[in-house]
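What follows is the residue order along each chain.
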Amino acid sequence: MKRTPLYDRHVAMGAKTVEFGGWDMPVQYTGIIEEHHATRNAAGLFDISHMGQINVRGPDALPFLQYIATQDVATIAEGLANYSLLCYPDGGIVDDIFIYHLPGRYLVVVNASNVDKDFAWMQEHRQSFNVEIENISDATAMFALQGPKAEAILDRVTDLDVTALWFHGVVEGFLFGDVPAIIARTGYTGEDGFELFVENASATRVWDSLLEAGKADGLRPVGLGARDSLRFEPKLALYGHEISDQINPYEAGLGWVVKLEKGDFIGREALQRIKVEGVRRKLVGLEMVGRGIARQGYPVASVEGETLGEVTSGMPAPTLGKNLALALVRTDLAKIGTELDVLIRGKPVRAVVVKTPFYQSRYKK
Amino acid sequence: MANNTPDNLRYAKTHEWVRVDGDEVTVGISDYAQESLGDVVFVELPSVGRTLAMGEAFGVVESVKAASDVYAPVSGEVTAINEALLDAPETLNSDPYGEGWMLKLRPSDLAGEQEKLLDAAAYSQHVEDEASKH
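For every chain, the first residue of the written sequence is number 1, and numbering continues from 1 onward in sequence order. Chains and ligands are labelled by the order in which they are written, letters from A for the one and numbers from 1 for the other. Two thresholds apply to this predicted model, a pLDDT of at least 70 for residue-level local features and 80 or more for giving and counting side-chain atom pairs, whereas whole-chain, interface and lining totals are computed over all residues.

**Remarks on the overall build of chain A**
The line we're drawing: Put simply, DSSP H or I for four residues or longer makes a helix, DSSP E for two residues or longer makes a strand, and each gets a number counted from the N terminus. Radius of gyration means the value over C-alpha atoms here, while the globule rule gives 2.2 Å times the residue count to the 0.38 power. Put simply, a residue is buried when 20 or more other C-beta atoms lie within 10 Å of its own C-beta and exposed when 12 or fewer do; between those, it is partly exposed, and each C-beta is set from the backbone. Here, residue contact means that the backbone-derived C-beta atoms of the two residues sit within 7 Å.
A tally of regular secondary structure across chain A gives eight helices and 19 strands. Relative to the 2.2 N^0.38 estimate, which gives 21 Å for 365 residues, the radius of gyration of chain A is 21 Å and therefore close to what a compact globule would have. If one aligns the C-alpha atoms of chain A with their principal axes, the spans along those axes are about 65 × 50 × 40 Å. Every one of the 365 residues in chain A was classed for burial, and the buried ones make up 48%. In chain A, the proportion of contacts linking residues at least 24 apart, taken out of those at least 6 apart, comes to 67%.

**A closer look at the confidence of the model for chain B**
This is how the line gets drawn: Each residue gets a pLDDT score, which is the predictor's confidence in that residue and runs from 0 to 100.
When the pLDDT values of chain B are averaged, the result is 94; 97% of them are 70 or greater. Reported for the predicted complex are a pTM of 0.95 and an ipTM of 0.86.

**Details of the domain arrangement of chain A**
All names here are of chain A. To keep it simple, the criterion reads: What fixes the domain bounds is an automatic or database domain assignment. We call Asp, Glu, Lys and Arg charged. Ala, Val, Leu, Ile, Met, Phe, Trp, Tyr, Cys and Pro are nonpolar, and the rest, Gly among them, are polar.
As assigned here, chain A comprises domain 1 (7–48 + 138–232) and domain 2 (280–365). Between domain 1 and domain 2, the C-alpha centre-to-centre distance is 30 Å. With ten residues of domain 1 in contact, the opposing surface of domain 2 contributes eleven residues. Secondary-structure elements contributing two or more residues to the side of domain 1 that touches domain 2 are α2 (32–41) and α7 (224–232). Ranked by residues supplied to the side of domain 1 that touches domain 2, first place goes to α2 with four residues. Here the residues of the side of domain 1 that touches domain 2 sort into three nonpolar, four polar and three charged.

**So, the pairing of strand β7 (residues 105–110) of chain A**
Remember that side chains alternate between the two faces of the sheet whenever the strand is regular. All names here are of chain A. Convention followed: By this definition, two strands are paired if DSSP reports at least two bridges between them.
Buried residues dominate β7, accounting for five of its six residues. Of the pairings in the sheet, the one linking strand β6 (residues 93–102) to β7 comprises five bridges and is antiparallel in character. Among the inter-strand pairings, His101 is bridged to a residue of β7, identified as Tyr106. From the end of β6 to the start of β7, which pair antiparallel, there are two residues, and Gly104 there has a positive phi angle of about 80°.

**A few points about α7(A)**
Residues and elements named next belong to chain A. In terms of residue burial, α7 counts as a mostly covered element, since eight of its nine residues are buried. Here α7 has its buried residues at Leu224, Gly225, Ala226, Arg227, Asp228, Ser229, Leu230 and Phe232. Each element contacted by the buried residues of α7 is listed here: β1 (16–20), β2 (23–28), α2, β3 (43–47) and β16 (307–317).

**Overview of the sheet that holds strand β8 (residues 132–135) of chain A**
Residue and element names in this part refer to chain A. Filter applied, for reference: Fitted lines through C-alpha atoms serve as axes, helices being fitted only where they are in contact, and the angles separating the N-to-C directions of these axes extend from 0 to 180 degrees.
Strand order in this open sheet of five strands is β5-β6-β7-β4-β8, and the pairing throughout is antiparallel. Of all strands in the sheet, those with a lone pairing partner are β5 (81–87) and β8, marking the two edges. Taken pair by pair, the neighbouring strands of this sheet meet at an average axis angle of 25°, ignoring direction. With five bridges connecting them, strand β4 (residues 52–57) and β7 associate as antiparallel partners. Bridge pairing in β7 places Asn55 opposite Leu107. Across the face of the sheet, helix α3 (residues 61–68) comes into contact with β4, β5, β6 and β7 while running at roughly 130° to β4. Each of β4, β5, β6, β7 and β8 is contacted by helix α4 (residues 115–124), which is oriented at about 15° to β4, the strand it contacts most.

**Regarding the interface of chain B and chain A**
If you look at the interface, chain B gives eight residues, while chain A gives ten residues. Of the residues assigned to the side of chain B that touches chain A, the class counts are four nonpolar, one polar and three charged.

**So, the nonpolar core**
Note the cut-off: Here, a nonpolar core means buried Ala, Val, Leu, Ile, Met, Phe, Trp, Tyr and Cys residues linked by C-beta atoms lying within 7 Å of one another.
Core analysis: the largest hydrophobic core is formed by 138 residues, its most contacted members being Ile99(A), Phe143(A), Leu145(A), Leu286(A) and Ala294(A). With residues near it in sequence (within four places) discarded, Leu145(A) still touches Ala43(A), Leu45(A), Ala150(A), Ile153(A), Leu154(A), Gly193(A), Phe194(A), Leu196(A) and Leu210(A).

**So, α3(A)**
Taken as a whole, α3(A) has its buried residues at Ala61(A), Phe64(A), Leu65(A), Gln66(A) and Ile68(A). Among the structural elements, β4, β5, β6, β7 and α4 of chain A are those in contact with the buried residues of α3(A).

**A few points about the environment of Glu56(B)**
Residue and element names in this part refer to chain B. Inspection of the secondary structure puts Glu56 in the loop between β5 (51–52) and β6 (57–63). The spatial distance from the C-alpha of Glu56 to the C-alpha of Gly38 is 23 Å, given a sequence separation of 18 residues. Apart from the residues within four sequence positions on either side, Glu56 is in contact with Tyr71 and Ala72.

**Quick word on the sheet that holds β6(B)**
Residues and elements named next belong to chain B. Pairing is antiparallel in the open sheet, where three strands are placed in the order β4-β6-β7. Edge strands, defined here as strands with exactly one partner in the open sheet, are β4 (40–44) and β7 (67–71). Neighbouring strand axes in the sheet, compared pairwise and without regard to direction, differ in orientation by 25° on average. The pairing of β4 with β6 spans four bridges and is classified as antiparallel. When the bridges of β6 are listed, Phe42 appears paired with Glu62.

**Comments concerning the pairing of strand β17 (residues 322–330) of chain A**
Residue and element names in this part refer to chain A. Most of β17 sits out of view: seven of its nine residues are buried. Pairing geometry for strand β14 (residues 281–288) and β17, over seven bridges, is antiparallel. Bridging across to β17, Gly285 finds its partner in Leu326. With eight bridges connecting them, β16 and β17 associate as antiparallel partners. Within β17, the position partnered with Val311 by the bridge is Ala327.

**Overview of the packing of α2(A) against α7(A)**
Residue and element names in this part refer to chain A. Our working rule: Here the angle decides the label: under 35 degrees means roughly parallel, over 145 means roughly antiparallel, 65 to 115 means roughly perpendicular, and every other value means oblique. Crossing handedness is read from the near helix: turned anticlockwise from the far helix by less than a right angle, it gives a left-handed crossing, and turned clockwise, a right-handed one.
Orientation of α2 relative to α7, taken along the N-to-C sense of each, is 55°, at an axis distance of 8 Å. The angle between α2 and α7 places the two elements in the oblique class. Note on packing geometry: the crossing formed by α2 with α7 is right-handed. Two secondary-structure elements touch here, α2 through Ile32, Glu35, His36 and Thr39 and α7 through Gly225, Ala226, Ser229 and Leu230. When grouped by side-chain class, the residues that make up the contact of α2 with α7 number three nonpolar, four polar and one charged.

**Focus: unusual backbone geometry**
Residues and elements named next belong to chain A. Residue Pro357 is reached from Thr356 by a cis peptide bond, and omega for that bond is -5°. When you line up the elements, Pro357 lands in the segment after β19 (347–354). If you check the backbone angles, His168 has positive phi at about 70° while not being a glycine. Residue position: His168 is located in the loop between α5 (150–156) and β10 (170–175).

Here you go:
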């Protein structure tokens, strides 16, 4: 199993670790619920060095990304970043990615479990595009500093004016005077916050110094457990759950990331057809009415007992204090207020379709 | 990691503890088990009167992240369940050997099955072996 440069730090801080996408990662330090609330109420620091980073540069960097991504990459001006999808020709999803437009290059951040697949996908489709595609994942450490206190903490440790950085803005600069870093106002928690990219060699110093700098504000290390609950509440998709090669963007409620009018791209034809024909199933939010917690893979049935879908993620949502789930269900069951059953260990437990996101993101825009 | 493992209890390899009280036994999960699970947010227990075989799943303990089965450390009939746990599952974390007990059984073959359980020293060793695999 792979380890991030911070692995020994995590263990020394008492973290419990789990396997995730081939990495031995901290799942929690003190407790998932506590870390979740700390991020919503103050700030959390996440080691997300398992994420993949791929540089795309060269004269055809933009047309190449336009061809493989569903988002209109031309709208991502230098100094900005945006969310996108890579799709298969049939409309299924290769991965969800973040594209950061830096001077002279695009930095593409991909899911840990998909780095090799995505890199191969890019190589396979470069065709005659004049681009250089470089996988820098193994040399790059990545942290997320998230929560209402994130801005104040980061502002203290860099000469950059981070308060002037827009939502989805990205800039190159220095942390702690001399550590080169890429700093972006992005994240995966539904809170204001930043993602930081540094070289592996600086990782430990940046981690320790950030925790120190944010101590008085209640900054604490946060593991993958709370990263999952924090992304779940504002309905941010997780590959292998809400999205996969078997799920298309319209089913997953990600039609807004698909820009059919921008010109040709992989999957466009299929996605155009799916959009016109409409989807047969949709991602919905469920609130459990009966006693139980819905988990990924549990079947969802009509109250008459016909199985019509499946849970993609479910948990007791810490901020909402309710047992909630996301599920892909047949479109006729997707209406808010619809009662249905989640089969928990084979037993039907009543749930109701509720509005999503469960938690309204608090980005600084 | 130092976990609390009382000497007066017997333990199953699946991390349940057993305390013999006259002709009844009380069952719960070990300190190591609650620590490994993390914050317990949901508990499912069997009905009183149900007969359990040794090793049979009798309930579920869920953390934020996952659901885990809990197994009967000895065979017997359920005589009581800890109803308070259903509303306050976090008690499993705070007091696994006391207020966090899960159920009481009238054992059907305690003499025969007890030998298959571990004493505190053997269980501590088992936990260490399991932890070192990670």
